[in-house]
Amino acid sequence: MATTTPLTQTDRERSALERREIDASCRVPVLYFATSAAFWLLVGTVLGIIASIKLHSPYFLTGSPELTFGRVRMAHLQAVGVGWSAMMVMAAAIWLMCRLSRVALIYPTLLVFAGTMWNIGMIADVVGILSGDAQSVEWLDAPSYVPPFFITGVGIVSAWTVATFRRRRELHVYVTQWYILAAVFWFPWLYTVAVLMIFWMPATGVIQPVVNWWFGHNYLGLWLTPIAVGTTYYIIPKVIGRPVHSYYLSIIGFWSLALFYSWAGMHHLIGGPIPAWLATASTVGSMMMFIPVIAVAINHHMTMLGSFQRLKYSPALRFTVFGAISYTAVSFQGSIEALKDFSEVAHFTHYTVAHAHLGMYGFFTMTMFGLFYYMVPRLTGREWASPTLIRVHFWCDAIGITIYFVSLSIGGWWQGRMLNNPNIPMPNIIEYLLRFLFARSLAGGLIGLGHLAFALLLVANLMGWGRQRSGGPTYFVEPAPNAGDVQG
Amino acid sequence: MDRGMVIFVGALLTFSSSWLGLILYPYWQMQNEQPYAKTPGDDLYPRPLGGAALAGVKVYQANGCLYCHTQQVRSAKFGNWWEDGQMKTGADIRRGWGTRRTVSRDYIYDRPTMLGTMRTGPDLANVGTRYAEAWHHPHLLNPRAINGWSTMPSFAFLYTREKVVGGQKSDKALKLGREWTVNPGYRWRPTDAEWAAILARRVSTLPDVSQAATPNPFNLTTAAGKAELLAFWLTTDEEDYQVIPTPEAESLVAYLLELRKAETPLPEVKE
């Protein structure tokens, strides 16, 4: 990234040509992963909205077993958590690894095969859950016939990412590559161990939930987070045309995440029938998470310093920075939530749901949208057709997730206070929550609207309806002439 | 060492640490936990589920009860609230969800162990001690038949509605007012026209029914009297149709009745 000697015109042209070749080699598999991801996002959004409405209006779509709340809720989590998120993570891993290693992708067909495995797994997953094969193990609800597809798919992607790295022509290993390499190694291990110890050779009793939360938490922390943080480390400097503020901070951030995050999962079981030291160990791990989060936050902020006006122009940057800010917020909140006194209230309530969506949506999904807006035009050679639609997408999502987070945080907090007071009967708690659940459905509708705009843009781009990508990218507004070399 | 190797070894070591500490060590510690008998020869607790209850676990899993119900009672020291200027703790037990907290031994036969993470409804770890079969079926058919304020989904698809043949209802038929059984899963009311037709058709028998059942017979010459009769009639059973649990519903309820995790005293539960 950081080049000290000034680049000549031929240098620039040569490297632009090289990037185009790399992008051409990635086009088919990466677009396949990314559009599949977007498809599952839409499926998941619809399922999420249905589930949300059912929580305050139990007669909504009553009658069929397929659409009972529990099944829709599980299918929603699988569609967004495993369909959208994992496929998007894999798209990002492949593309960023090729770009940063400065090598073209070889045998792209193999990756298309891997993506197809994942898609087959997802179809079986969602259809299976709706027709009654769900497991009721949070994050691992996929029916028993699904994991082999996922393991095959991600196994190939992991191997290919590592292989690409080993063929690298760029000597400097950028921090994004660190994150990607670690994530593609962690996830297959994590997933296989979890499936093994919960389903194939079930461990006794409460060890299952221990494994379950070790998995559930690390799925976010060691699979989605590293790749999303890595993406931020790539997009921000690229768009504003400045290197990352501090190399050392990025290394501290990486290693402390690796060390502490994996210890943090057990706070989901605070107060539960597990040895108390397990939850305590995780509380310590969660507190230590301040280190990587602050390191990353300072680094991103210092990199952005002086370039904030570019948020006005660049969609990629605006989504990415929204994601980065949410990352800091959700991580701080997560550390505090792991404290015993806090957790005693927030546990078993919608407060946790709000927190999870700030992470999965405000941070992860928004960051991935940033990547979408940056990456897809470079792969298709087309610019985005309509800045207005991008604006609709951004504001619907940003406002939607804010309403979502605020309403469920407040409602969930008081739900927890009331549940902890046996003098308050259940009906009062349920009645009190209705207004917040209703607000959540509104927020979900808004987010759904944003996704519709996003889907339109994506389809238009794939159909070749945008401008040829020759000049600059599609901005919200054209930057002032002296705004500098803005990309993205 | 190659950069890739550094990352690989580092990622391996950091991750292994949590795997060893959070998974393998507790595994080794708890894997062989045994059921308990106060004195040798006593009944063991817990016992593995069998028969219908075991099949019921699958129904519970498939329909995601877990996403609204926990199965863990927390200790008398957990959580707090203020009462008469004093801080008190232990809401779960005070709510009657169990007589003690649950511990790891209570779950040794659970596959999967469904502790749950959300309390939209009450905790179910000990629900087997609270209700009988006759309560569960109408509740599952439509929770609002029991608790008008409930937001629990109806599980009417676990029941069938069929015509009574031979004038004799099945033993399993739900005893529940027709407003809940005519259209299972919903709350039914006849339209004005339908009600007029019903009244006209059965004008000879309906008043008898109502007069036998109440000390003050409805005055059917007034609109108010007719409305009262309608309200009453809706709470009576249908004559020629019955709603019957499917085997799935029966096994689910068998499972719920077996949920008695927070009752039997265990030596490790000292508060």
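Just so you know, the residues in each chain are numbered from 1, in the order the chain's sequence is written. Going through the entries in the order they are written, you letter the chains from A and number the ligands from 1. Only residues with pLDDT of at least 70 get local features here, since the model is predicted, and only at 80 or more are side-chain atom pairs given and counted; chain-wide, interface and lining totals rely on the full set of residues. Only hydrogens and water are set aside when side-chain values are computed; all heavy atoms of the structure are taken into account.

A. Representation of the overall build of chain B. Strands here are runs of E lasting at least two residues and helices are runs of H or I lasting at least four, both read from the DSSP assignment and numbered beginning at the N terminus. If you tally the helices and strands in chain B, you get nine helices and four strands. Moving toward the C terminus, one meets the helices and strands of chain B in the order α-α-β-β-α-α-β-α-α-α-α-β-α. Within these notes, the globule rule equals 2.2 Å times the number of residues to the 0.38 power, and the radius of gyration is based on C-alpha atoms. The C-alpha atoms of chain B give a radius of gyration of 26 Å, which is well past the 18 Å a tight globule of 271 residues would have. With respect to the three principal axes, the spread of C-alpha positions in chain B is 95 × 50 × 45 Å. Three labels apply to residues, based on accessible area from a 1.4 Å probe with only protein chains included: buried if under 20% of the type maximum, exposed if over 50%, partly exposed otherwise in between. The proportion of buried residues among the 271 residues of chain B is 49%. By sequence separation, contacts in chain B at least 24 residues apart represent 72% of the contacts at least 6 residues apart. Accessible surface area values rest on a Shrake-Rupley calculation with a 1.4 Å probe, where residue burial reflects the displayed protein chains alone. Accessible surface for chain B amounts to roughly 13,300 Å². Of this, 57% is attributable to carbon and sulfur atoms. We count Lys and Arg on the positive side and Asp and Glu on the negative side, and we leave His and both chain ends out. Charge positions come from single atoms, namely NZ of Lys, CZ of Arg, CG of Asp or CD of Glu. Charged side chains in chain B number 30 positive and 28 negative. The centres of these two groups are separated by 4 Å. The contact rule is simple, with two residues in contact once any of their heavy atoms fall within 4.5 Å.

B. Examining the overall build of chain A more closely. Broken down by element type, chain A carries 14 helices and zero strands. Going from the N terminus to the C terminus, chain A shows its helices and strands as α-α-α-α-α-α-α-α-α-α-α-α-α-α. In summary, chain A has a C-alpha radius of gyration of 22 Å against a globular reference of 23 Å for 488 residues, a match within 12%. A principal-axis box enclosing the C-alpha atoms of chain A has dimensions of 75 × 45 × 40 Å. Counting every position in chain A, which comprises 488 residues, the buried fraction comes to 64%. Taking the intrachain contacts of chain A between residues at least 6 apart in sequence as the baseline, contacts between residues at least 24 apart amount to 84%. Accessible area for chain A stands at about 16,800 Å²; split by element, carbon and sulfur atoms hold 70% of it. On chain A, the mean spot of the 28 positive side-chain charges and the mean spot of the 19 negative ones are 7 Å from each other.

C. Spotlight on unusual backbone geometry. Across the junction of Y45 of chain B and P46 of chain B, the peptide omega takes the value -10 degrees, indicating a cis bond. Topologically, P46 of chain B is positioned in the loop between α1 (3–30) and α2 (51–62). The linkage connecting R111 of chain B with the following residue, P112 of chain B, adopts the cis geometry, with an omega of -5 degrees. Of note, L61 of chain A is a non-glycine position whose phi angle comes to about 55 degrees, a positive value. Counting through the fold element by element, L61 of chain A comes out in the loop between α1 (9–56) and α2 (69–101).

D. Seen up close, the nonpolar core. Residues belong to one nonpolar core when they are buried, are Ala, Val, Leu, Ile, Met, Phe, Trp, Tyr or Cys, and are joined through side-chain atoms within 4.5 Å. In this structure, W95, W118 and W223 of chain A are the most contacted members of the largest nonpolar core, which totals 187 residues. For this core, the element with the most residues is α2 of chain A, which contributes 23 residues. What counts as a domain boundary in this text is fixed by an automatic or database domain assignment. Taken domain by domain, this core gets at least three of its residues from each of domain 1 (51–156 + 250–258) and domain 2 (159–246) of chain B. When residues no more than four places from it in sequence are discounted, the contact partners of W223 of chain A are A86, V89, M90, V154, A183, V184, F187 and N218 of chain A.

E. Region of the structure containing the interface of chain B and chain A. Residue-level contacts link 77 residues of chain B with 85 residues of chain A. Summed over both partners, the accessible surface that disappears when two parts come together, traced with a 1.4 Å probe, is what is meant by buried area. Summed over both sides, the interface between chain B and chain A buries roughly 7,000 Å², with carbon and sulfur atoms accounting for 66% of that surface. Sorting the residues of chain B by area buried against chain A places F15, L22 and Y67 of chain B first, and these three jointly supply 12% of that buried surface. For this analysis, a salt bridge means a side-chain nitrogen from Lys or Arg found within 4 Å of a carboxyl oxygen belonging to Asp or Glu. Joining chain B to chain A, the criterion identifies zero salt bridges. At the level of elements, α1, α2, β1 (80–83) and α3 (91–94) of chain B are the ones that each hand at least two residues to the side of chain B that touches chain A. Of all the elements, α1 of chain B adds the most residues to the side of chain B that touches chain A, at 22 residues. Classes in brief: Ala, Val, Leu, Ile, Met, Phe, Trp, Tyr, Cys and Pro nonpolar; Asp, Glu, Lys and Arg charged; the others, Gly included, polar. Looking at the side of chain B that touches chain A residue by residue, the class counts come to 38 nonpolar, 28 polar and 11 charged.

F. Quick look at the side chain of T14 of chain B. Along the chain, the position of T14 of chain B falls in helix α1. T14 of chain B gets classed as buried once you look at its relative accessible area, which sits at 10%. When sequence neighbours within four positions are dropped, the list of residues in contact with T14 of chain B reads W186, A258, L259 and S262 of chain A.

G. Quick look at the confidence of the model for chain A. Residue and element names in this part refer to chain A. pLDDT runs from 0 to 100 and stands for how confident the predictor is about each residue. Per-chain confidence: chain A averages 92 in pLDDT, with 96% of residues scoring 70 or above. The secondary structure element of chain A with the lowest average pLDDT is helix α8 (residues 276–288), at 87, and the one with the highest is helix α3 (residues 108–130), at 97. Ignoring residues within four places in sequence, the model shows residues 482–486, a span with pLDDT below 50, making eight contacts including any to other chains.

H. Spatial organisation of the pattern of salt bridges. Across all of its chains, the model carries 21 salt bridges over all chains by this definition. Two residues, E170 of chain A and R102 of chain A, come together in a salt bridge whose shortest N-O distance is 3.3 Å. Separated by 68 residues along the polypeptide, E170 of chain A in the loop between α4 (147–166) and α5 (175–200) and R102 of chain A in the loop between α2 and α3 bring together distant segments of the chain. Note on E170 of chain A: relative accessible area 24%, which makes it partly exposed. Taking the relative accessible area as the measure of exposure, R102 of chain A reaches 29% and is therefore partly exposed. For the salt bridge of R105 of chain B with E268 of chain B, the shortest nitrogen-to-oxygen distance reads 3.0 Å. Placement of R105 of chain B in the loop between α3 and α4 (133–141) and of E268 of chain B in the segment after α9 (247–258) is noted, with a sequence separation of 163 residues between them. Taking the relative accessible area as the measure of exposure, R105 of chain B reaches 14% and is therefore buried.

I. Looking closely at α9 of chain B. Helices are assigned an expected span. That span is 1.5 Å times one less than the residue count. Taking 1.5 Å per residue, 12 residues should reach 16 Å; α9 of chain B reaches 17 Å between its end C-alpha atoms and fits that length. Turning to α9 of chain B, its buried residues are A249, S251, L252, V253, Y255 and L256 of chain B.

J. Geometry of α4 of chain A. Under the 1.5 Å per step criterion, the end-to-end length of α4 of chain A is 28 Å for 20 residues, consistent within 8% with the ideal 28 Å. The inward-facing, buried residues of α4 of chain A abut α1, α2, α3, α5 and α6 (207–240) of chain A together with α1 of chain B.

K. A look at the domain arrangement of chain B. Residue and element names in this part refer to chain B. Taken domain by domain, chain B consists of domain 1 (51–156 + 250–258) and domain 2 (159–246). Once you take the C-alpha centre of each, domain 1 and domain 2 turn out to be 33 Å apart. Contacts between the two partners involve 11 residues from domain 1 and, on the opposite side, 12 residues from domain 2. When the area that domain 1 buries against domain 2 is broken down by residue, the three leading residues are L141, A156 and E250, summing to 49%.

L. Main features of the packing of aromatic side chains. Between 30 and 60 degrees the pair is tilted, below 30 it is stacked and above 60 it is edge-to-face, where a pair is any two Phe, Tyr or Trp rings, Trp via its six-membered ring, whose centres lie within 6.5 Å. What the rule picks out here adds up to 51 aromatic pairs over all chains. An angle of 25 degrees between the planes, with centres 5.2 Å apart, marks the rings of F319 of chain A and Y373 of chain A as stacked. In this pair, F319 of chain A sits in helix α10 (residues 315–337) while Y373 of chain A sits in helix α12 (residues 350–380), placing the two residues 54 residues apart along the sequence. Residue classification places Y373 of chain A among the buried residues on the basis of a relative accessible area of 2%. Ring centres of Y60 of chain B and Y255 of chain B lie 5.3 Å apart, and the angle between their planes is 80 degrees; on these two criteria the pair is classed as edge-to-face. Linking Y60 of chain B in helix α2 with Y255 of chain B in helix α9, this pair joins segments that are 195 residues apart in sequence. Taken as a pair, Y60 of chain B and Y255 of chain B share a single burial class, namely buried. Whether a charge sits over a ring comes down to the Lys NZ or Arg CZ being within 6 Å of the ring centre and within 35 degrees of the ring normal. We note R168 of chain A situated over the ring of F165 of chain A; from NZ or CZ to the ring centre the distance is 4.1 Å. In this structure, R378 of chain A is placed above the aromatic ring of Y374 of chain A, and the distance from its NZ or CZ to the ring centre is 3.7 Å.

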